[in-house]
Amino acid sequence: KAGVTQTPRYLIKTRGQQVTLSCSPISGHRSVSWYQQTPGQGLQFLFEYFSETQRNKGNFPGRFSGRQFSNSRSEMNVSTLELGDSALYLCASKVRQGPGETQYFGPGTRLLVL
Amino acid sequence: AQSVTQPDIHITVSEGASLELRCNYSYGATPYLFWYVQSPGQGLQLLLKYFSGDTLVQGIKGFEAEFKRSQSSFNLRKPSVHWSDAAEYFCAVDRGNYGQNFVFGPGTRLSVLP
């Protein structure tokens, strides 16, 4: 099976712009989670979608939003970009295996805000 | 506070030496436990996981980890490190149905000397 794919891999934006990142999970996986990774804060959970519904949400401002489509592909959007939004954004597709769920990560989208 | 700790920020070992990376968690119940590895600029790759049963789990690339309930630990080990093991290692826990269920430790950066 193909792994988790994320597009684009790299982005450069300026403050105030908005950006949309895309994630395609592993075939058959219905759950997609998004994380922000920065040197200072580490890996922080943004939100999780399952069957087109947001199942969990982290502590990020409303500028960060997401959605999931019927084919399980997910997008996240960041509006009114700030310098501090520069980060590696990771998407993970999750599947239940026995008693627990396992997350498989994509390569990430590196966003630079100037 | 409920958390995942990795006491060592940076570890340096010589190629061929053994390795142990520490991970401790503080949750009331036994969570599901994971180790991931991240090479520079890449996503996270799953090394191994523990859900239940045998407390010594084998993973990919020759890694193993041991769950010790009494110490709330899940330490990662490898008997002989290869230069290609240089990367950042993250311990993670899934608390199941407790809101934001997947929590990562801060990571341990491994350097390997030739």
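Structure first, text after, so check above.
First, a word on scope: everything that follows refers to the structure included in this document. (Residues numbered from 1 in each chain as written. Chains lettered and ligands numbered in written order. Predicted model: local features only at pLDDT ≥ 70, side-chain atom pairs only at ≥ 80, totals over all residues. Heavy atoms only, no water.)

Here's the deal with the layout of surface pockets
- Here the largest pocket is characterised by a volume of approximately 470 Å³.
- Lining the largest pocket are 23 residues, with A:Gln37, A:Thr38, A:Pro39, B:Gln38 and B:Glu88 sitting closest to its centre.
- Residue composition of the lining of the largest pocket, by class: 11 nonpolar, 10 polar and two charged. (1 Å grid on protein atoms, 1.4 Å probe; cavity = no way out; pocket = protein on both sides within 12 Å on 5 of 7 lines; lining within 4 Å. Points joined across faces, edges and corners; volume = space filled by probe spheres on them. Nonpolar A, V, L, I, M, F, W, Y, C, P; charged D, E, K, R; others polar.)

Let's talk about the environment of A:Thr14
Residues and elements named next belong to chain A.
- Tracing the backbone through its elements, the reader meets threonine 14 in the loop between strand S2 (10-13) and strand S3 (19-24).
- Note on threonine 14: relative accessible area 40%, which makes it partly exposed.
- Each C-alpha atom, one on threonine 14 and one on leucine 83, is 8.2 Å from the other, the two residues being 69 residues apart in sequence.
- What threonine 14 contacts, discounting residues up to four positions off in sequence, is Leu81, Val113 and Leu114. (Helix = DSSP H or I, 4+ residues; strand = E, 2+ residues; numbered from the N terminus. Buried < 20%, exposed > 50% of the residue type's maximum accessible area, 1.4 Å probe, protein only. Contact = heavy atoms within 4.5 Å.)

Describing the interface of chain A and chain B
- Taken together, the 22 residues of chain A in the interface contact 19 residues of chain B.
- It is A:Leu43, A:Pro99 and A:Phe105 that lose the most area in chain A upon contact with chain B, and together they represent 27% of the buried surface on that side.
- If you look at where chain A meets chain B, you find six residue pairs in polar contact (both at pLDDT 80 or more).
- Counting only elements with at least two residues in the side of chain A that touches chain B, the list comes to strand S4 (31-38), strand S5 (42-50), strand S9 (87-97) and strand S10 (100-105) of chain A.
- Sort the elements by how many residues they give to the side of chain A that touches chain B and S10(A) lands first, with six residues. (Buried area = accessible area lost by both parts, 1.4 Å probe. Polar contact = N/O pair within 3.5 Å; in protein donor to acceptor, adjacent residues only side chain to side chain.)

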